[in-house]
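Coordinate inspection notes
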Amino acid sequence: MNAIILLGPPGAGKGSLAESLVREGYTHVSTGDMLREAFKNETAVGLEAKSYMDRGALVPDDVIINIIRERLGDAPADEKFMFDGFPRTLNQAQGLDQLITDLNGVITHVIMMECPDEMIIKRLSGRRICRSCGAVYHVTNKPSKVDGVCDFDGGELYQRDDDNEDTVRNRLSVYTEQTKPLVAYYADKNLICPIDASGSIQLSVDSALSYLNG
Ligand code: ADP
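So, on to the domain arrangement of the protein chain. How big an interface is tends to be stated in terms of accessible area lost as the parts join. The domain boundaries assigned to the protein chain delineate domain 1 (2-115 + 176-212) and domain 2 (117-163). The centre of domain 1, based on its C-alpha atoms, is set 22 Å off from the matching centre of domain 2. Taken together, the contacts link 13 residues of domain 1 with eight residues of domain 2. Contact between domain 1 and domain 2 buries roughly 840 Å² in total, counting both sides, with carbon and sulfur atoms accounting for 48%.

Moving on: the sheet that holds strand β5 (residues 127-130). Pairing is antiparallel across the open sheet formed by three strands, whose spatial order is β6-β5-β7. Each of the sheet's edge strands pairs with one partner strand only, and the pair in question is β6 (136-138) and β7 (157-158). Sheet topology places β5 next to β7; two bridges connect them, and they run antiparallel. Bridge assignment links isoleucine 129 to a residue of β7, and that residue is tyrosine 158. Seen against the sheet, helix α6 (residues 117-125) touches β5 and β6 and runs at an angle of roughly 35 degrees to β5.

Turning next to the packing of helix α7 (residues 165-179) against helix α8 (residues 181-188). The N-to-C vectors of α7 and α8 enclose an angle of 35 degrees; their axes lie 5 Å apart at closest approach. Contacts between α7 and α8 involve Thr176, Glu177, Gln178 and Thr179 from the first element and Pro181, Leu182 and Val183 from the second. The residue makeup of the contact of α7 with α8, split by class, is three nonpolar, three polar and one charged.

About the cut-offs
Residues numbered from 1 in each chain as written. Predicted model: local features only at pLDDT ≥ 70, side-chain atom pairs only at ≥ 80, totals over all residues. Heavy atoms only, no water. Domains from an automatic or database assignment. Contact = heavy atoms within 4.5 Å. Buried area = accessible area lost by both parts, 1.4 Å probe. Pairing = 2+ DSSP bridges. Helix = DSSP H or I, 4+ residues; strand = E, 2+ residues; numbered from the N terminus. Axes fitted to C-alpha atoms, helices over the stretch in contact; angles between N-to-C directions. Nonpolar A, V, L, I, M, F, W, Y, C, P; charged D, E, K, R; others polar.

Structure representation (structure tokens):
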């Protein structure tokens, strides 16, 4: 198997970029989505994770490494994984290296999405998500046709519990303290591909593709 990593602060657009890259044949693995799904299904992991997530804190590394180990299983040699929101600490990065070595795999690119803090706060505090299909909107940048209702399936739009401004600020400082050191970790391995994530989603997609296909 091989893998790419989408690295960047919350609100940089990792999820949106991932949606487009799925069309390039990548298997999308989002630890945030997996944890929210686990909570919805009321599993032990989900219930434990929720208290960290609501504060904008990180879920413990061993919990995360375990869900990734299970998700990778015996990944076939030709599978291309795309990690979104993982790894988020040096410990997790080292855990991932071990898992990948065990599977005879390789990390090919770390797409580093750069975006200023003030833009992130605006993006996340205005973000709304469809409860049934997961489509993502923004109250001013990308409003739905009818307020609070999904354009695609009429589902109810909601705000993630951790998208309020205070929690967003906390997530940003957690990113700076715990996740940013990964830039140096992967730069040492010559894997960092920096992209400007402050423009449109299409711009991020085009920049990422120029690394992945170029
Ligand atoms: P975002 O990138 O917008 O912050 P995610 O959906 O990736 O959103 O993550 C939401 C929350 O889930 C995080 O604030 C954290 O509590 C938890 N989480 C997700 N991935 C990880 C991870 N790899 N390690 C620790 N906690 C995680």
